[in-house]
Amino acid sequence: MEAAKLMGYETPGDQKVPVSVRDWNAQKLALWHSRGLAEIAIREALGILSGCKHRDGCPGAESETEPCFSPTYSKAGENSESEVLTEGCPDREQRISALVILNAARQLAPADARKPAEPYFAPSREYYSDVMAALGATEIENEMLRALLRDAGIAVPEPMAKSGNSNEGSAPSEPAQLAPAEETK
Ligand SMILES: [Zn+2]
């Protein structure tokens, strides 16, 4: 290893970064969840595929890689090719969509992901404080950016009104709506 480093064989990709066990476990947990969800998508897509109706003799009924009978096909005549209109497989389009979902799910699925065996460690008080401090900082940053826009004469939609908000002075007279509130019946 040392010799390789001396000869300049170490690339930026060889460098290592410290990752907390909490984050490492969260990664493993996320991969494991992805695998489970990909399996659900694959199972459902296979279910749709097996329910697709084919015309008699369609090679697509047996093989995922074979195309279904299309509504038109070229027939080699004695002198020229002619296009013949036929009834294709009835679920041809649905089968193609199911195959797209199936293959995407297969590629998205992690090659291997097991449920992490490590016990769950609750975040420490310090970690919790750090997260809350970071959240507070982003809120201040957000308000600074909004003030910047207001100074430039750009109407800034106000977020959902919070009771006891002390920023009333800078709020525009008409509360702008980010999205229409869903009517509850
Ligand atoms: Zn078919």
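Residues numbered from 1 in each chain as written. Predicted model: local features only at pLDDT ≥ 70, side-chain atom pairs only at ≥ 80, totals over all residues.

Caption draft 1: Representation of the overall build of the protein within the structure. Each helix and strand counted, the protein has four helices and two strands in total. Listed N to C, the secondary structure of the protein is α-α-β-β-α-α in terms of helices and strands. In the protein, which comprises 185 residues, the share counted as buried stands at 4%. (Helix = DSSP H or I, 4+ residues; strand = E, 2+ residues; numbered from the N terminus. Buried ≥ 20, exposed ≤ 12 C-beta atoms within 10 Å, placed from the backbone.)

Caption draft 2: Structural context of the packing of helix α2 (residues 21-51) against helix α3 (residues 92-108). Where α2 contacts α3, the axes come no closer than 9 Å and their chain directions differ by 160°. In terms of orientation, α2 lies roughly antiparallel with respect to α3. Crossing angle aside, the handedness with which α2 passes α3 is left-handed. In this structure, α2 uses Ala38, Ala41, Ile42, Ala45, Leu46, Ile48 and Leu49 to contact α3, whose residues at the interface are Gln94, Arg95, Ala98, Ile101, Leu102, Ala105, Arg106 and Leu108. (Axes fitted to C-alpha atoms, helices over the stretch in contact; angles between N-to-C directions. Parallel < 35°, antiparallel > 145°, perpendicular 65-115°, else oblique. Left-handed = near helix turned anticlockwise from the far one by under 90°. Contact = placed C-beta atoms within 7 Å.)

Caption draft 3: Main features of helix α4 (residues 125-151). With 27 residues, α4 ought to run about 39 Å at 1.5 Å a step, and its terminal C-alpha atoms sit 39 Å apart, in line with that. Counting buried positions along α4 gives zero out of 27 residues, so the element sits mostly on the surface. Gly153 occupies a position one or two residues after α4 and carries a positive phi of about 80°. (Expected span 1.5 Å × (residues − 1).)

Caption draft 4: Examining the confidence of the model for the protein more closely. Per-residue confidence for the protein averages 81 on the pLDDT scale, and 78% of its residues sit at or above 70. The lowest-confidence element of the protein is helix α1 (residues 2-6), averaging 66 in pLDDT; the highest-confidence one is α3, averaging 94. Here residues 164-185 is modelled with pLDDT under 50, and outside its nearest four sequence neighbours on either side it reaches 10 contacts, counting other chains as well. (pLDDT = per-residue confidence, 0-100.)

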